[in-house]
Amino acid sequence: MTVTQNEQNTNAEDAYAGRFEMVDPLDFDPEGTGRIVIDPFNHRKKREEGDTTEPDPGLIASVGAIGVQQPIILRPQEDEGKLGVVIGQRRTKAARAAAEKAVAEGRPYLKIPAIIRDDLKGVNDEALAASMVENVHRAAASAQDDLEAAQQLALMVGAKRVPKARKTKLATAIGRTVEELDAAEKVAKIDRKVVEELDEDEVEFDWVELADYDEVKDVPGALETLEDAKQQDEREGNRKRGAWRQAMQELRAEKEKAERIEATKAELAEKKIRVVTWPRRWEWTKGRPLDELVSAIGRPLTPQGHNETCEGHGAAIDPADGAVVWVCVDYDKHGHRIAGAPEPTESDNAEAIEQAAAKQEAEREERRRVRLNNAAWRQVRSVRQDFITEMCQDKGEAPAHIKDWVMANLLMRAVPRGPLLTRFLGVDSISDDHTKAKEDINTLIKRTAARRYWWVLFANIAATYEHEHMKDDAWRGMPHYHYGYAKPGAIARPTAEWLRFLKSQGYTLSEIEQETLAQADREAEEQAKEEAERQRREAEREAERQRRAAEELTDEPDEDQAEPDGGAEDSDDEPGDGGAEEPDEEPDEDQAEPDGGAEDSDDEPGDGGAEDQAEESDDN
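Note that the structure is predicted; figures quoted are calculated from it, not measured.

J.: When you look at empty space enclosed by the protein in this model, what are you seeing that I'm missing?
T.: To find leftover empty space, one rolls a probe the size of a water molecule over the atoms. Per the counting criterion, the structure on display carries one cavity of 30 Å³ or more. Taken as a whole, the largest cavity holds about 60 Å³ of empty space. Together, N238, K240, G242, R245, Q246, V383, F387, G506, Y507 and T508 line the largest cavity. Listed by contribution, the elements that provide at least two residues to the lining of the largest cavity are helix 12 (242-270) and helix 14 (350-392). Among the residues forming the lining of the largest cavity, the class breakdown is three nonpolar, five polar and two charged.

See below:
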């Protein structure tokens with residue numbers, strides 16, 4: 001039977017008896033002295049542990065912005081004139097907190113919409129049931145509500161370009177950030193089971209974190225890695241999610257590597273190439289990488305040639321980075337030998353073969369270490385440069401320490417222009433042609449507000465550091481130009497300087513960046529010790545020189561007073577006479593000269609050797 005509209009209206013009954021009223025949040029007193037109190041049978045009032053009735057800052061901000069949108073439920077109390085909160089305790093507390101803040105700041109505040117259930121007066125069991133049903137259903141539907149809210153917001157924000165101010169207000173009203181609002185579209189596409197599992201495990205991710213996790217959830221250990229990263233950011237007070245971003249970059253790399261390995265395995269299977277398990281150490285197996293082997297006559301082996309001529313041809317996939325390594329699964333059986341090992345003879349030199357194998361192992365591990373660290377260094381570059389991009393696109397004036405740092409660098413070095421500069425500033429490309437580049441830069445300056453000049457200069461400096469001092473092998477140190485590129489020197493000072501500066505600005509260093517900075521610190525400490533030792537030795541040499549000079553000055557008067565013939569001290573002779581007494585008679589021709597000259601001197605008799613003595617005095 002079809003029910004008419006009139007019949008529907010006649011059959012419909014009121015769910016409860018109540019009246020609507022806008023109540024003043026300042027009339028609420030959780031201690032029970034105000035007009036509005038917490039009902040004694042409020043479901044949350046009796047909870048001793050895990051009570052979530054206290055509003056969080058997000059809810060308070062939301063209520064302050066747009067007020068309480070869902071009416072609370074009140075019922076008359078035994079004390080005449082008082083009303084008890086049955087449903088909506090957190091909203092009521094949030095409204096009171098928002099009202100108190102508004103009054104302190106001299107602003108108006110909003111009243112709370114309330115439904116007063118007169119039918120519940122004195123009916124305690126129904127009041128408790130109503131409170132319980134509301135809260136139980138709220139907990140059970142949290143994951144679903146979150147996704148549905150994200151879907152709605154994704155439609156609202158994605159339908160048209162929402163002004164930033166309105167988006168900020170909307171985000172505040174729902175207790176989210178603008179960043180979370182931008183992630184709503186991704187969150188809306190998440191499998192409902194993923195959110196429910198996280199909710200069951202009591203994992204508290206915001207929408208940005210939820211969207212990120214969904215991207216890498218299939219990577220082994222992803223959840224634990226991200227939880228650790230979030231806790232690190234919280235401990236360090238890092239609002240820019242530094243540790244989280246580094247963790248996400250690593251997990252994305254792991255995901256990409258796993259996909260690449262699967263694709264490589266499929267390709268090798270299609271070509272019917274044997275794939276062997278990557279061993280812990282190659283010397284424990286019969287196989288070896290082809291680049292470590294030579295043929296029986298000493299020629300290098302190539303993958304193509306080996307595949308065509310050797311039944312032992314195969315491939316191993318390095319689990320560290322997914323690289324394919326071509327191998328011979330049994331090199332001895334197929335007549336190959338280790339490069340650098342002696343040729344087989346009747347009495348094989350086992351020791352020499354073992355040494356050659358050990359050398360190959362060490363070289364292989366070093367090449368692998370360099371390859372993996374180069375990849376890790378490239379991997380973190382994106383996170384670091386994203387951090388720099390956010391710094392450079394700040395709309396406000398650069399702080400004083402940025403200005404000081406930029407100016408110091410501008411005075412010390414020339415700054416190149418290029419793709420990095422245009423990326424950091426988010427502007428059109430600057431030409432490589434000198435004349436055209438000048439025009440591009442003039443255009444950039446005209447379009448840049450004066451308050452952002454410092455950020456333009458900083459972007460220029462940042463481009464210099466990233467281009468010149470953060471190359472793929474910067475973690476190894478500067479090339480040793482005397483011994484060749486194969487022997488790296490110390491970590492370049494600008495590399496360490498740039499990492500320290502970014503860290504001071506809130507950038508979270510990756511593992512390889514931390515190792516690089518630690519190595520630079522160790523090298524600096526060693527250099528400081530060497531310099532201190534050099535200064536100590538120099539001080540000792542200087543002290544020795546001064547001691548010798550003092551001794552010479554002390555000995556010098558005795559030499560001047562010494563008589564050529566051993567005469568007494570305290571002579572009354574006039575200065576300049578060579579220190580000899582005036583003789584009563586002519587000196588003997590064979591008498592020894594004052595300077596110890598030989599006999600049969602050609603000096604004229606009677607001169608007493610005065611000229612030689614004067615020369616000796618000048619020398620002293």
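J.: I would appreciate a short explanation of the packing of aromatic side chains in the present structure.
T.: Remark: the centre distance and the inter-plane angle together describe each pair of aromatic rings, the angle taken between the planes. In the structure shown here, the tally under the stated rule is nine aromatic pairs. For the ring pair W278 and W282, a centre distance of 5.7 Å and an interplane angle of 80° mean the geometry is edge-to-face. W282 sits in the buried class, given a relative accessible area of 5%. Ring plane angle 15° and centroid distance 5.9 Å describe the contact between W498 and F501, whose orientation is recorded as stacked. Taken together, the residues span about one helical turn, with W498 and F501 both in helix 19 (residues 493-504) at a distance of three residues. Following the ring pairs from residue to residue traces out a cluster consisting of W455, F458, Y465, W498 and F501. For R281, the ring lying beneath its charged end belongs to W284, and the centroid distance is 5.9 Å. Over the ring of W377 we find R384; its NZ or CZ atom is 5.9 Å from the centre of that ring.

J.: What is the right way to look at the pattern of salt bridges in this model?
T.: Here the structure, examined in full by the defined rule, presents 45 salt bridges. Linking D318 and R371 is a salt bridge whose minimum nitrogen-to-oxygen distance equals 2.7 Å. With D318 in the loop between strand 9 (313-317) and strand 10 (324-328) and R371 in helix 14, this residue pair connects regions lying 53 residues apart in the sequence. For D318, a relative accessible area of 0% puts it in the buried group. What makes R371 partly exposed here is its relative accessible area of 32%. As a salt-bridge pair, E542 and R545 come within 2.4 Å of each other at their nearest N and O atoms. With E542 and R545 both in helix 20 (residues 511-561), this residue pair falls three residues apart, about one helical turn. Take E542: its relative accessible area is 33%, and that puts it in the partly exposed class. In this structure, a network of salt bridges that share partners links the residues E179, D206, E209, K230 and R241.

J.: I keep staring at the sheet that holds strand 1 (residues 19-23) and nothing clicks. Help me out?
T.: Two orientations exist for strands paired in a sheet by backbone hydrogen bonds: parallel and antiparallel. Taken together, the five strands give an open sheet; going across it, the order is 1-5-3-4-2, and neighbouring strands pair in mixed fashion. Both outer strands of the open sheet, strand 1 and strand 2 (36-38), are each paired with one neighbouring strand and no more. Adjacent strand axes in the sheet meet at a mean angle of 40° when their direction is disregarded. Bridge analysis of strand 1 against strand 5 (residues 112-116) gives five bridges, and the strand direction is antiparallel. Bridging across to strand 5, F20 finds its partner in I115.

J.: Explain the packing of helix 14 against helix 19 here, please?
T.: Helix-helix packing is characterised by the crossing angle of the two axes and by the distance between the axes. Two elements in contact, helix 14 and helix 19, have axes whose closest approach is 12 Å; the angle formed by their N-to-C orientations is 55°. With respect to helix 19, the element helix 14 is oriented oblique. Crossing of helix 14 against helix 19: the hand is left-handed. Across the interface between the two elements, W377, R384, F387, I388 and M391 of helix 14 pack against T495, W498, L499, F501 and L502 of helix 19. Across the contact of helix 14 with helix 19, the residue classes tally to eight nonpolar, one polar and one charged.

J.: What is the right way to read the environment of A398 from this model?
T.: Mapped onto the elements of the fold, A398 is located in the loop between helix 14 and helix 15 (400-412). The class for A398 is buried, based on a relative accessible area of 4%. As for A398 and W455, which are separated by 57 residues in sequence, their C-alpha atoms are 6.3 Å apart. Setting aside residues up to four positions removed in sequence, A398 forms contacts with K403, R451, W454 and W455.

J.: Sorry, what's going on with a negative patch on the surface here?
T.: A cluster of acidic residues, D191, E196, E197, D199, E200, D201, E202, E204 and E234, forms a negative patch at the surface. Here the negative patch takes four residues from helix 9 (residues 192-200), the largest share from any one element.

J.: Help me out: how do you make sense of the packing of helix 14 against helix 18 (residues 453-469) in this one?
T.: At their nearest, the axes of helix 14 and helix 18 sit 9 Å apart, and the two run at 165° to each other. Judged by the inter-axis angle, helix 14 sits roughly antiparallel to helix 18. In terms of crossing hand, the pair formed by helix 14 and helix 18 is right-handed. In this structure, helix 14 uses R381, R384, Q385, I388, M391 and C392 to contact helix 18, whose residues at the interface are W455, F458, A459, A462 and E466.

Quick notes on the rules
- Residues numbered from 1 in each chain as written.
- Predicted model: local features only at pLDDT ≥ 70, side-chain atom pairs only at ≥ 80, totals over all residues.
- Heavy atoms only, no water.
- 1 Å grid on protein atoms, 1.4 Å probe; cavity = no way out; pocket = protein on both sides within 12 Å on 5 of 7 lines; lining within 4 Å.
- Points joined across faces, edges and corners; volume = space filled by probe spheres on them.
- Helix = DSSP H or I, 4+ residues; strand = E, 2+ residues; numbered from the N terminus.
- Nonpolar A, V, L, I, M, F, W, Y, C, P; charged D, E, K, R; others polar.
- Phe/Tyr/Trp six-rings, centres within 6.5 Å; stacked < 30°, edge-to-face > 60°.
- Buried < 20%, exposed > 50% of the residue type's maximum accessible area, 1.4 Å probe, protein only.
- Lys NZ or Arg CZ within 6 Å of the ring centre and 35° of its normal.
- Salt bridge = Lys/Arg side-chain N within 4 Å of Asp/Glu carboxyl O.
- Pairing = 2+ DSSP bridges.
- Axes fitted to C-alpha atoms, helices over the stretch in contact; angles between N-to-C directions.
- Parallel < 35°, antiparallel > 145°, perpendicular 65-115°, else oblique.
- Left-handed = near helix turned anticlockwise from the far one by under 90°.
- Contact = heavy atoms within 4.5 Å.
- Patch = residues over 30% accessible without salt bridge, like charges linked within 9 Å, V, L, I, M, F, W, Y side chains within 5 Å.
- Areas by Shrake-Rupley, 256 points an atom, 1.4 Å probe, with all protein chains shown as cover.
- Lys, Arg positive; Asp, Glu negative; His and termini not counted.
- Charge placed at Lys NZ, Arg CZ, Asp CG, Glu CD.

Just distances and angles here, no functional claims.
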